[in-house]
Amino acid sequence: MQMAPLAVHVKHAGKTLDVELDPTLPPAVFKEAIYQVTGVPPERMKVMIKGGMLKDDTDWKKVAPKAGQTFMVIGAAGDLPKPPEKPIVFLEDMDESQIAEALSLPVGLKNLGNTCYMNATVQAMRAIPELQTALSTSPHLDILPRALRDLYTNMSRTTEGYIPSAFLTVLRQAVPQFGEIDRSGKNGMLSGYAQQDAEECWTQMANALKEVPGIDASGNTIAGGRRFVDQFMMAEIRRELKCDEALEEPSTVAIEKVLKIECNISGTTNYMHTGIMDALNSQLEKTSPSLGRQAVYSQTSRLSRLPSYLTVHMVRFAWRRDIGKKAKIMRKVKFATEFDALDIVTDELKSKLAPVSSRLKAIEKERAERRKVRKRTKVAQEASSSSSSRPEQGTSNAEVIPDVEMAPADEVPGDLEEESVYRTREARELEGLVSPDLTSDYGCSVTGLYDLVAIVTHKGAEADAGHYMGYVKKSVFHAKSGDVEAEDDEDWYRFDDDKVSVFPKEKLGTIDGGGEDSSAYVLLYRSKSLA
């Protein structure tokens, strides 16, 4: 049974202040709450408890705090956290017009001091709606998944930049490296928390979510069944190792579960697909049991399972011995907004994916044609309506009315049924082509075809410096299956901490890399649906 937060008091500098203490969360979260009212940074704070001092690993059960209890706090206060420039307004307090305006842009996250790596990662993971479903329906969650659930819930309830202090505290508790202090200041002076790597943050958060229960097709929690990450985010790779110098030596095969696939970037890499293939086909040296010495082996890796959400890591940072740190690979590498993964899977999986993949490609062309017809007929109807309602005001027979490009006779709206009718029919046909093995593996990709839905970019020359931003496709927030207008919207949202803006699809080419400006670093692809 989960305990409710306790209303307690803290005494600091002669003042008694009210705070909340949640015994189910780490002491670091309580210290963060104290910081919000006293201005004493957690790293300079001492909270006195019976028998000593409160530490980050103190067990609350041994402390046994009670409602109304007073804690003594020692430490010099700095500047209090600044309140938002505008008061936070919740949706339930708005009228309809305010709600419509507020919901036009998703909410951003405040930077709490070199936390852009976390903000960008949280926004990109928000492009997985099934994750939010799993978090909200599971009755029992570990500390970090619970904090992420609460963060997403709070983000959905406000329209101003949200302050993710509680989640940040839990993240640093769960992953101590993210609590590292920046020691690059002058004369060895400390200058706050250090910048971190967003790809490492993505991996650590995904690992922390591994125990979140899976969900079924209705969104209900699967008790005692598969976990969410295994269902929706985990790929499987078959790696075959063969000795180039002893062809008679039997090859070895290993199956590995991975949360991401890598795109290696060399001096000749121009496209993401090339970099992925380079990473999947590699050579290494190891001891050959048949030759009794070091020998060259070729490793061929192919995916034997594709998840619904496939993460691609653009390997943009490499260790440089001469400077003793990771340096950024600036090369421009074009990434795909649509990705056909059939080239990187095993022959066995390809045979299962090929029928539905091939038919879906043809159907998508038909959908594109229907969209064109609807657009043309809509323009023609609007122009015709405008022309018929125009006042005559003495027009003569000689007056020429500009021509309007009309839709061909065989493309009038009456020839097209509602889009939902087509989608239902198409889904039924495609479902009949899906391999039973894939149908039973809920959460895997049944098409092998993907759309890019989220990006984390890095700006700067070093991994432990610079600035991270998140990009999420607008349709992730607004589109529903068969919603033609929403599907047509190929633009994106850019999340620069709490500054959120629309990012036109035409500008995606500007984040391919090629310099210190923002470069795609982590890419999230979503499997194309059948409907």
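Here's what I pulled together on the structure shown here. Treat the numbers as computed from the prediction; the structure is a model and nothing was measured.

### Section: the overall build of the protein chain
Along the backbone of the protein chain there are 15 helices and 19 strands. Among the 531 residues that make up the protein chain, the fraction classed as buried is 42%. In the protein chain, once contacts between residues fewer than 6 apart in sequence are set aside, the share between residues at least 24 apart is 68%. Accessible surface for the protein chain amounts to roughly 27800 Å². Of this, 51% is attributable to carbon and sulfur atoms.

### So, helix H8 (residues 198-208)
Owing to its 3.6 residues per turn, the α-helix aligns residues three or four sequence positions apart on the same side. When H8 is considered as a whole, its buried residues turn out to be Ala 198, Glu 199, Cys 201, Trp 202, Thr 203, Met 205 and Ala 206. The N-capping residue of H8, defined by a side-chain oxygen 2.8 Å from the backbone nitrogen of Glu 199, is Asp 197.

### Thoughts on the pairing of strand E15 (residues 449-459)
It is a general feature of regular strands that their side chains alternate between the two faces of the sheet. With ten of eleven residues buried, E15 is to be regarded as a mostly interior element. Both E15 and strand E19 (residues 519-527) contribute to a ladder of eight bridges, which runs antiparallel. Within E19, the position partnered with Val 456 by the bridge is Val 522. Alignment of E15 against strand E16 (residues 467-473), held across six bridges, turns out to be antiparallel. The partner of Ala 454 across the bridge, within E16, is Val 472.

### Brief notes about the environment of Asp 59
Structurally, the position occupied by Asp 59 is in the loop between strand E4 (52-53) and helix H2 (60-63). C-alpha separation for the pair Asp 59 and Thr 24, spaced 35 residues apart in sequence, amounts to 9.9 Å.

### A few points about the pairing of strand E11 (residues 309-314)
Counting buried residues in E11 gives six out of six residues, a clear majority hidden from the surface. Alternating residues of E11 divide into Tyr 309, Thr 311 and His 313 and Leu 310, Val 312 and Met 314, and every residue in both groups is buried. As defined by bridge partners, strand E8 (residues 261-263) adjoins E11 across three bridges and the pair is classed as parallel. Bridge pairing in E11 places Cys 263 opposite Met 314. Where E11 and E19 come together, five bridges link them in antiparallel fashion. Bridge pairing links Val 312 to Leu 523 in E19.

### Concerning the sheet that holds strand E5 (residues 70-74)
Overall, mixed pairing links the five strands, which are arranged E2-E1-E5-E3-E4 in an open sheet. The outermost strands of the open sheet, each flanked by one partner alone, are strand E2 (15-21) and E4. Across seven bridges, the pairing between strand E1 (residues 6-12) and E2 is antiparallel. Counterpart to Val 10 in the pairing with E2 is Leu 17.

### A closer look at the packing of aromatic side chains
Tallying each qualifying case throughout the model produces twelve aromatic pairs. Each ring, one from Phe 30 and one from Phe 71, has its centre 5.4 Å from the other, and the planes form 65°; the classification is edge-to-face. Residue Phe 30 is located in helix H1 (residues 27-38), and its partner Phe 71 is located in strand E5; the two are separated by 41 residues in the primary sequence. On the basis of relative accessibility, which here comes to 3%, the residue Phe 30 falls in the buried class. Aromatic rings pair up to connect Phe 30, Trp 60 and Phe 71 into one cluster. Between Arg 172 and the ring centre of Tyr 193, over which it is positioned, the NZ or CZ distance is 3.5 Å. For the cation-ring pair, Arg 370 lies above Tyr 422, with the distance from its terminal atom to the ring centre recorded as 4.2 Å.

### Digging into the packing of helix H6 (residues 143-156) against helix H7 (residues 165-174)
Where H6 contacts H7, the two axes come as close as 9 Å, and the packing angle between them is 160°. When the axes of H6 and H7 are compared, the pair comes out roughly antiparallel. Viewed along their axes, H6 and H7 form a crossing whose handedness is left-handed. For the pair H6 and H7, contact is made by Ile 143, Leu 144, Ala 147, Leu 148 and Leu 151 and by Phe 167, Val 170, Leu 171 and Ala 174, respectively. Across the contact of H6 with H7, the residue classes tally to nine nonpolar, no polar and no charged.

### Focus on a nonpolar patch on the surface
Residues Met 48, Met 53, Met 72 and Ile 74 make up a contiguous nonpolar surface patch of roughly 330 Å² in combined accessible area. Note on placement: Met 48 falls in strand E3 (residues 46-49).

### Some points on the sheet that holds strand E7 (residues 252-258)
Each strand in a sheet pairs with its neighbour through backbone hydrogen bonds, running either in the same direction (parallel) or in the opposite one (antiparallel). The antiparallel open sheet is built from four strands, whose spatial order is E7-E6-E10-E9. Since the sheet does not close on itself, it has two edges, and those belong to E7 and strand E9 (281-288), each with one partner. Going from strand to strand, the sheet's axes swing by 30° on average, the running direction of each strand aside. Contacting strand E6 (235-243), E9 and strand E10 (293-305), helix H10 (residues 272-280) crosses the sheet at an angle of about 10° to E9.

### A short note on unusual backbone geometry
Residue Asn 114 is not a glycine yet carries a positive backbone phi of 60°. With respect to the helices, strands and loops of the structure, Asn 114 is situated in the loop between helix H3 (96-102) and helix H4 (116-125). Exposure remark for Asn 114: the relative accessible area of 30% places this residue in the partly exposed category.

### Focus: H1
Here H1 spans 16 Å end to end across twelve residues, near enough to the 16 Å set by a 1.5 Å rise per residue. Along H1, the residues that are buried comprise Pro 27, Ala 28, Val 29, Phe 30, Lys 31, Glu 32, Ile 34 and Thr 38. Those residues of H1 hidden inside the fold are in contact with E1, E2, E3, H2, E5 and H7. The first or second residue beyond H1 is Gly 39, which carries a positive phi of 80°.

### Re the side chain of Gln 231
If you trace the backbone, Gln 231 turns up in helix H9 (residues 228-232). Apart from residues no more than four positions distant in its own chain, Gln 231 is found in contact with Gly 214, Ile 215, Ile 222, Arg 226, Arg 305, Tyr 442, Gly 443 and Cys 444.

Rules and cut-offs
Residues numbered from 1 in each chain as written. Predicted model: local features only at pLDDT ≥ 70, side-chain atom pairs only at ≥ 80, totals over all residues. Heavy atoms only, no water. Helix = DSSP H or I, 4+ residues; strand = E, 2+ residues; numbered from the N terminus. Buried < 20%, exposed > 50% of the residue type's maximum accessible area, 1.4 Å probe, protein only. Contact = heavy atoms within 4.5 Å. Areas by Shrake-Rupley, 256 points an atom, 1.4 Å probe, with all protein chains shown as cover. Polar contact = N/O pair within 3.5 Å; in protein donor to acceptor, adjacent residues only side chain to side chain. Pairing = 2+ DSSP bridges. Phe/Tyr/Trp six-rings, centres within 6.5 Å; stacked < 30°, edge-to-face > 60°. Lys NZ or Arg CZ within 6 Å of the ring centre and 35° of its normal. Axes fitted to C-alpha atoms, helices over the stretch in contact; angles between N-to-C directions. Parallel < 35°, antiparallel > 145°, perpendicular 65-115°, else oblique. Left-handed = near helix turned anticlockwise from the far one by under 90°. Nonpolar A, V, L, I, M, F, W, Y, C, P; charged D, E, K, R; others polar. Patch = residues over 30% accessible without salt bridge, like charges linked within 9 Å, V, L, I, M, F, W, Y side chains within 5 Å. Salt bridge = Lys/Arg side-chain N within 4 Å of Asp/Glu carboxyl O. Expected span 1.5 Å × (residues − 1).

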